[in-house]
Amino acid sequence: MKKSTFKKIFFSVAAVVFTTTITFAQDGEAVAVDTVAVEVVPVNPPVSAKAEVVATTEKKGPDAQQAARAISNQMKEHLILNDAQNMKVYIVNLDFMKKTFENNKNADKAERNKRQRGLEEERDAKLKSVLNEKQFKVFIANRPIDRKRIIPYYE
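Draft legend 1. How the structure looks around helix α5 (residues 109-130). If you check α5, its first and last C-alpha atoms are 31 Å apart, about what 22 residues at 1.5 Å a residue would give, namely 32 Å. Among all positions of α5, only Q116, L119, E120, R123, D124, L127 and V130 are buried. The buried residues of α5 occupy an angular sector of 150° when the element is viewed end-on, so they sit on one face. Of the residues in α5, the exposed ones pointing more than 90 degrees away from the buried face are A110, K114, R117, E121, A125, K128 and S129.

Written as structure tokens, this is what we have:
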């Protein structure tokens, strides 16, 4: 084979390899990755429950998430919850506070109080499945104290 033919073949092959490499490299960069939106729920919010009560009373009024977070923080501290329990307790409290806020829109105080007792019983049943026996007893025993702490969320 002649030297010039060898050079032509060599550079042709090199050009094909180079072009192919660039093509695949660009394909690799252009690949779109599907993403999934995930709502992040704080397990251990950094703000203490007491500070949060003060902060929320300065505003127009707390929302259900703020109330649930404050209540869950108190429960985590008093009941010594693990991370899994803390997340479940937060979810139960969030559901409870959403229903409580909706119930507070009821103008009739007697009806509102009756419904609130029903909501508390429903919450207790859910919490009983999350907490161990000792934690649940402490929760029930501390209920009068805890109610006083969360009064700002009921108003």
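Draft legend 2. A look at the packing of helix α4 (residues 83-103) against α5. One way to put it is that α4 packs onto α5 with a least axis distance of 10 Å and a crossing angle of 170°. As summarised for this structure, α4 and α5 are arranged roughly antiparallel, according to the angle between their axes. In contact with Q85, K88, V89, V92, N93, D95, F96, K99, T100 and N103 of α4, α5 contributes R112, R115, Q116, L119, E120, E122, R123, K126, L127 and V130. Looking at the contact of α4 with α5, its residues break down into six nonpolar, five polar and nine charged.

Draft legend 3. Just the environment of L81, in detail. Tracing the backbone shows L81 in the loop between α3 (64-79) and α4. Spatially, the C-alpha atom of L81 lies 8.4 Å from that of Q135, the residues being 54 residues apart in sequence. Apart from the residues within four sequence positions on either side, L81 is in contact with M75, K76, N86, V89, L131 and Q135.

Draft legend 4. Looking closely at the nonpolar core. Formed by 20 residues in total, the largest nonpolar core has its most connected members in M75, V89, M97, L127, L131 and F139. Of all elements in the fold, only α3, α4, α5 and α6 (133-141) reach the threshold of two or more residues within this core. Beyond its immediate sequence surroundings of up to four residues, M75 is in contact with I80, L81, V89, N93, R123, L127 and F139.

Draft legend 5. Layout of the pattern of salt bridges. Across all of its chains, the model carries eight salt bridges by this definition. Taking the shortest distance from any N to any O, the salt bridge between K99 and D95 comes out at 3.3 Å. In this pair, K99 and D95 are both assigned in helix α4, four residues apart and thus about one turn of the helix distant. Through salt bridges with shared partners, a single ionic network connects D95, K99, E122 and K126.

Analysis parameters
- Residues numbered from 1 in each chain as written.
- Predicted model: local features only at pLDDT ≥ 70, side-chain atom pairs only at ≥ 80, totals over all residues.
- Heavy atoms only, no water.
- Helix = DSSP H or I, 4+ residues; strand = E, 2+ residues; numbered from the N terminus.
- Expected span 1.5 Å × (residues − 1).
- Buried < 20%, exposed > 50% of the residue type's maximum accessible area, 1.4 Å probe, protein only.
- Arc of directions from axis to C-beta.
- Axes fitted to C-alpha atoms, helices over the stretch in contact; angles between N-to-C directions.
- Parallel < 35°, antiparallel > 145°, perpendicular 65-115°, else oblique.
- Contact = heavy atoms within 4.5 Å.
- Nonpolar A, V, L, I, M, F, W, Y, C, P; charged D, E, K, R; others polar.
- Core = buried A, V, L, I, M, F, W, Y, C linked by side-chain atoms within 4.5 Å.
- Salt bridge = Lys/Arg side-chain N within 4 Å of Asp/Glu carboxyl O.

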